[in-house]
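Each chain, letter by letter, is given below.
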Amino acid sequence: MDLGDQENRTFARRTVLKGALAGAALVAANQGTAQAAAEDPEQRLLQLVPGGNGVIYALYADGRLKWFKHNGRNDGSSSWADGNGREIGSGWQIHPTVLASQDGQLFGFCGDGTIWWHKWVLTNAATGAGYWHENTNEIIHTGFRDYSYVFGGWDGVIYAVDAQGDMFWFRYVVGDGTNGTGAWANNGVGQKIASGRRDYDGYFADQHGVIYGMRHGAVLHWFRYLAGDGTNGPGAWAHDGNPIHIGSGFDLGGCVERFAETGVVYCVWINRDHTQPDHQLAWYKLQNYTTIDRDGVVWTEGNGKVVGTGFTVTRAANLQGCTAWSVAAGEQLPVRVSTTFDSYRASVLRLTGPIEQGGAHEVWAPHTFPGRRQLLRSGYRENGVGWQTDFTVPVGADWESGFHVVRLEGSHGLRQYIPFVVKPRQPARKVALLLPYLTHNAYNHWGGHFQYSWDERAARRRITTQRPFANAYVEAPGFIDVRFHGDLLLMKWFADNDVVYDCYQDLDLHNPSWLAQYKVLVLATHPEYWTPEMRAALENYLAGGGRVVYTGGNGMYERVDYNSAGYVLHRNVDGNRWLWRDQGRPESQVLGVAYDSYSYMDMHPYVVDADHPFLEGTGLKIGDRFGREGYNFAASGWEIDTRTAAGPEAPGVVRFAHGEQDHGAEMCVTPKPNGGWVFAAGSLCFNGALAHDAAQSRILLNAVNAGLA
């Protein structure tokens, strides 16, 4: 099946629904659907949803809903009931997530926390002919606003994951669109069935309680919830709830979509050729998907089969945008938006912490703008999306420097965020915070290819800075994060401790005249990528007596080059990682510590191993532990730095605490000329634990105050 072949066809059988039109078509009549001159083949779909017996619902970016059936579900053949699908609804772009049950029920989740119920009643299972149940478009629940994400759908079961990674079980019992007494198991109150699994970047569900979890690091795990009633006692989970490794590569670096039905796992792989769209639908089959805990892992087809093409998926293609990474107070900020709504609202928030923790402060009130879908130009991964400006934000001269987002809002609470920094016209504080946008861009999976995706080129990787951020998690994502959310946890610490600062992003160091005017430069959670210009600016700052407070891990690890045309060059000419240490300039020369790969994804507390002035007021003594827990688990871990990981240790470096695991993070102070120095926490997890450990928080405050002295 090739979805691309169908787009120029006229559909003679379009189903026009009566009453409250299916898939929010009634809403679309008011909200409207923005149309482009042609459909964008690079981002055709919002989501693919399994519906049982080979049925796959395709949610198009423009809001259309189509019914497909893969007749080759059991053997992996490329046999489809109708390669062009059957269009059965419109207006579905209001739903950021849709789940389905095998009896035709579809659950449309909205950003405001509501669930809209729909049911496609088949009259012909071979062709998809049918009609919408009379109760379609009923709201059956209103309490999902506080969950980070949802998955499931089979048998009316919905799993919801909250900000802490706790998993809750719901089941819609009646299946008819009503919402009275007994409609939901446990009266619609979620039952916690698992806790603290923030090391999973996401899940997708199969039938019979089977759950596939994507653990950070591209590992696919199998679970099975046996109880099926929301309880969590002995025997509730197969294998005592412990994961079973069944594969790898199903993360965002390998595929853009994945779902499952009766042991068949589908995914849309990222194309190994970065010039081609990510559109191939691959088929895999677990022969014994319900009994893996007893029989072991048996893949019928471990290498998979391509069963269809044209399945380009971009989850935010209904509403998305991009802008410059930073702007000075008093300047204009052009914003480029692509949407399939006729109108949307935009506002600007200054963030001093995660939104759900009260960190949002509106600085530009909502404005309504007409919507339009802007197509991606050829070569957009390297050259930028090429969209035109839709509106301009007048950044006030009195706006306080800091991390900001443009908040885009569609219908029923749908929202997306565009991150940017407001830097001061002139330095106004004594502390400067540098946000690692180059790292966030390197890990940005929007558009498929990024620094860590499959790519077999023996060449440099050219990645644009002019695209939306898919990893701008300013609301808690429900999994560990050292991108924007991790940095926001540091900003919350600043706010909680009354530390005022000016804010910049990486590329602002290419014009470093501002840097020497600050007593302290704070590096955030994961400042991994540095251009030669950035590194030179930091070295000069330290040579002049500057003080650096490095709160993260894996910093200054890899060299990149930036081109003023708006792209970053990663890797060397052979396509290999371009490490500073391989050029004879290890990061420990500057920071005192260097990335040590030994303890990846292993989290532990720190242990004090020497007295130091930065321990003042903590109550900690040699041998004491701190940083036992945090949003990213214990404070030493994930990726960590040590003094000798890249060669001899820097002159005069002093370690006063270390992570408890082998090759744990080393907390150090390294002296520099003219009274300068670097404090290094040495761990990606450090900032995530600040709010959980008063002693650790005091160590950071002592470091900042020492820098200001």
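Up top is the structure these notes are about.
Residues numbered from 1 in each chain as written. Predicted model: local features only at pLDDT ≥ 70, side-chain atom pairs only at ≥ 80, totals over all residues. Heavy atoms only, no water.

Here we come to the nonpolar core. With 86 residues, the main nonpolar core has Phe 403, Leu 433, Leu 538 and Phe 679 as its most contacted residues. Those residues in contact with Phe 679 that lie beyond four places of it in its chain are Val 548, Val 549, Tyr 550, Phe 614, Phe 656, Met 667, Cys 668, Val 669, Ile 699, Leu 700 and Ala 703. Core analysis: the second largest hydrophobic core is formed by 25 residues, Val 327, Val 335, Val 395 and Val 406 among them. (Core = buried A, V, L, I, M, F, W, Y, C linked by side-chain atoms within 4.5 Å. Buried < 20%, exposed > 50% of the residue type's maximum accessible area, 1.4 Å probe, protein only. Contact = heavy atoms within 4.5 Å.)

This part is about empty space enclosed by the protein. Evaluation of the coordinates by the stated rule reveals three cavities of 30 Å³ or more. Here the largest cavity is characterised by a volume of approximately 80 Å³. What lines the largest cavity is His 274, Arg 381, Glu 382, His 449, Phe 450, Asp 455, Arg 457, Arg 461, Arg 462 and Ile 463. The set of elements that each furnish at least two residues to the lining of the largest cavity consists of helix 3 (380–383) and strand 31 (461–464). At three residues, strand 31 tops the list of elements feeding residues into the lining of the largest cavity. Of the residues assigned to the lining of the largest cavity, the class counts are two nonpolar, two polar and six charged. (1 Å grid on protein atoms, 1.4 Å probe; cavity = no way out; pocket = protein on both sides within 12 Å on 5 of 7 lines; lining within 4 Å. Points joined across faces, edges and corners; volume = space filled by probe spheres on them. Helix = DSSP H or I, 4+ residues; strand = E, 2+ residues; numbered from the N terminus. Nonpolar A, V, L, I, M, F, W, Y, C, P; charged D, E, K, R; others polar.)

Below, the discussion takes up the environment of Ser 101. Looking at the element boundaries, Ser 101 is found in the loop between strand 5 (97–100) and strand 6 (105–109). Along the sequence, Ser 101 and Pro 512 sit 411 residues apart, while their C-alpha atoms lie 56 Å from each other. Here Ser 101 is in contact with Gly 51, Phe 107, Gly 153, Trp 154, Asp 155 and Gly 156, once residues within four sequence places are set aside. A distance of 3.1 Å separates a polar atom in the side chain of Ser 101 from the backbone nitrogen of Asp 155. (Polar contact = N/O pair within 3.5 Å; in protein donor to acceptor, adjacent residues only side chain to side chain.)

Moving on, we come to the environment of Val 210. Within the secondary structure layout, Val 210 lies in strand 15 (residues 210–215). The buried category is assigned to Val 210, whose relative accessible area is 0%. Residues Val 210 and Leu 226, spaced 16 residues apart in sequence, show a C-alpha to C-alpha distance of 8.5 Å. Filtering out sequence-adjacent residues up to four positions away, Val 210 remains in contact with Ala 205, Trp 222, Phe 223, Arg 224, Tyr 289 and Thr 290.

Let us now look at the pattern of salt bridges. All told, the structure shown has 34 salt bridges when counted by the stated rule. The residue Lys 192 makes a salt bridge to Asp 166 at a minimum N-O spacing of 3.4 Å. Of this pair, Lys 192 sits in strand 13 (residues 191–194) while Asp 166 sits in the loop between strand 11 (157–161) and strand 12 (167–171), placing them 26 residues apart in sequence. You can call Lys 192 partly exposed: its relative accessible area is 41%. Within this structure, Asp 609, Arg 643, Glu 649, Arg 655 and Glu 666 form a network of salt bridges that share partners. (Salt bridge = Lys/Arg side-chain N within 4 Å of Asp/Glu carboxyl O.)

Bringing the packing of aromatic side chains into the picture now. All chains considered together, the criterion is met by 52 aromatic pairs. An angle of 55° between the planes, with centres 5.3 Å apart, marks the rings of Trp 325 and Tyr 437 as tilted. On the criterion of sequence distance, the pair formed by Trp 325 in the loop between strand 22 (319–323) and strand 23 (326–328) and Tyr 437 in helix 4 (residues 437–442) is long-range, its members being 112 residues apart. Since its relative accessible area comes to 0%, Tyr 437 is described here as buried. For the ring pair Phe 469 and Phe 484, a centre distance of 5.2 Å and an interplane angle of 85° mean the geometry is edge-to-face. Highlighted residues: Phe 469 in the loop between strand 31 and helix 5 (484–496) and Phe 484 in helix 5, separated in sequence by 15 residues. Of the residues examined, Phe 484 reaches a relative accessible area of 2% and is grouped as buried. The rings of Phe 107, Phe 109, Phe 144, Tyr 147, Phe 168, Phe 170, Tyr 172 and Trp 184 are connected pair by pair, giving a single aromatic cluster. The positively charged end of Arg 64 is found above the aromatic ring belonging to Tyr 60, 4.5 Å away from the centroid. Lying over the aromatic face of Phe 223, Arg 197 brings its terminal NZ or CZ to 4.3 Å of the ring centre. (Phe/Tyr/Trp six-rings, centres within 6.5 Å; stacked < 30°, edge-to-face > 60°. Lys NZ or Arg CZ within 6 Å of the ring centre and 35° of its normal.)

Spatial ordering of the open sheet is given by 31-38-37, a layout of three strands whose pairing is antiparallel. Each end of this open sheet is capped by a strand with a single partner; those strands are strand 31 and strand 37 (561–563). Pairs of neighbouring strands in the sheet enclose a mean axial angle of 25°, with direction left out of account. Where strand 31 meets strand 38 (residues 567–570), four bridges bridge the pair, whose relative direction is antiparallel. Across the sheet, the residue bridging to Arg 461 is His 570, located in strand 38. (Pairing = 2+ DSSP bridges. Axes fitted to C-alpha atoms, helices over the stretch in contact; angles between N-to-C directions.)

So, on to the sheet that holds strand 15. With antiparallel pairing, four strands are arranged side by side in an open sheet as 14-15-16-17. The sheet is open, and its two edges are formed by strand 14 (200–205) and strand 17 (244–248), each paired on a single side. Recorded for the sheet is a direction-independent mean angle of 30° between the axes of neighbouring strands. In terms of strand pairing, strand 16 (residues 219–224) meets strand 17 through four bridges, oriented antiparallel. Bridge pairing in strand 17 places His 221 opposite His 245.

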